[in-house]
Amino acid sequence: YLEKVWLKDKANLFPKNLSGGQKQRLAMARMLAINPEMILLDEPFSALDIVLRSEMENFIKDLIEELQIPTILVSHNRKEIYRFCDEVMILNGGKIEDFGTKDRVFKAPKTPVSAKLLGFENIIESERISNFKFINKPIPQLDKNSMLAVKNTEIVILQGQSHTVEHMIDEIDNYRYSLVDSLGRQIQVFSDIKLEIGDKVDLGFNKFHIL
């Protein structure tokens, strides 16, 4: 197993002499040595830097696929989950919030909680949809209990007066905005358009998911 995790030449070293990535690989070898029927990975990459995390992700993914052992990955990183998993279960307060194939859960979450965790930052109640424009899509017919789940990258900034810029964060390539409507209800927008605090705009949706 040391050979399988590329550590055969380190067999005579003490743990303190191993790097972070080597310690992670050693933990995999120790786990595999007992011939497990199932593997549980609990936030396995959380303590690693970006470069090492990428290397360990590739290593563990290849190893799991080679060994064909059923594996449960516990993570708060949705990109990590999407890269690794075939099926996704979302837990909230110890109860199952959503469960299904990766593509179904990520594209069509069933509840507001699962939608937010999977990147739909904005949950819009049915009575608010008149505040928004629908780009190349008809206005959806919603009942009073329905909601729209919208990613902040799918919102387009338009000329208008319906929302006011309340906060702005300058990202590397874009801007992340928090805007409010006339009743103080917030919405999160990610855009390359430069706005100032207090600017007024309208907002339109490119894509959305009905909950």
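Residues numbered from 1 in each chain as written. Predicted model: local features only at pLDDT ≥ 70, side-chain atom pairs only at ≥ 80, totals over all residues. Heavy atoms only, no water.

On to the packing of aromatic side chains. Applying the stated rule across the entire model yields seven aromatic pairs. Ring centres of Y82 and F106 lie 4.9 Å apart, and the angle between their planes is 75°; this geometry places the pair in the edge-to-face category. You can see Y82 sitting in helix α3 (residues 78-84) and its partner F106 sitting in helix α4 (residues 102-107), a full 24 residues away along the chain. Taking relative accessible area as the criterion, Y82 reaches 34% and is therefore assigned partly exposed. On the basis of relative accessible area, F106 is assigned to the buried category, the value being 11%. Aromatic rings pair up to connect F132, F134, F205 and F208 into one cluster. For K137, the ring lying beneath its charged end belongs to F208, and the centroid distance is 5.9 Å. When the ring centre of F120 is taken as origin, the NZ or CZ atom of K151, which lies over that ring, is 5.1 Å away. (Phe/Tyr/Trp six-rings, centres within 6.5 Å; stacked < 30°, edge-to-face > 60°. Helix = DSSP H or I, 4+ residues; strand = E, 2+ residues; numbered from the N terminus. Buried < 20%, exposed > 50% of the residue type's maximum accessible area, 1.4 Å probe, protein only. Lys NZ or Arg CZ within 6 Å of the ring centre and 35° of its normal.)

This part is about the sheet that holds strand β5 (residues 122-125). Where strands meet in a sheet, backbone hydrogen bonds hold them as pairs that are either parallel or antiparallel. The three strands lie next to each other as β5-β7-β12, forming an open sheet whose pairing is antiparallel. Each of the sheet's edge strands pairs with one partner strand only, and the pair in question is β5 and β12 (209-210). Where β5 lies against strand β7 (residues 147-150), four bridges are found, and the strand directions are antiparallel. What sits directly across from I123, in β7, is A149. (Pairing = 2+ DSSP bridges.)

All right, on to the side chain of R25 then. Summarising the element assignment, R25 is placed in helix α1 (residues 20-32). One buried charged side chain, R25, makes no salt bridge at all; its nearest oppositely charged neighbour is E55, positioned 6.1 Å away. What R25 contacts, discounting residues up to four positions off in sequence, is V5, W6, L7, M56 and F59. (Lys, Arg positive; Asp, Glu negative; His and termini not counted. Salt bridge = Lys/Arg side-chain N within 4 Å of Asp/Glu carboxyl O. Contact = heavy atoms within 4.5 Å.)

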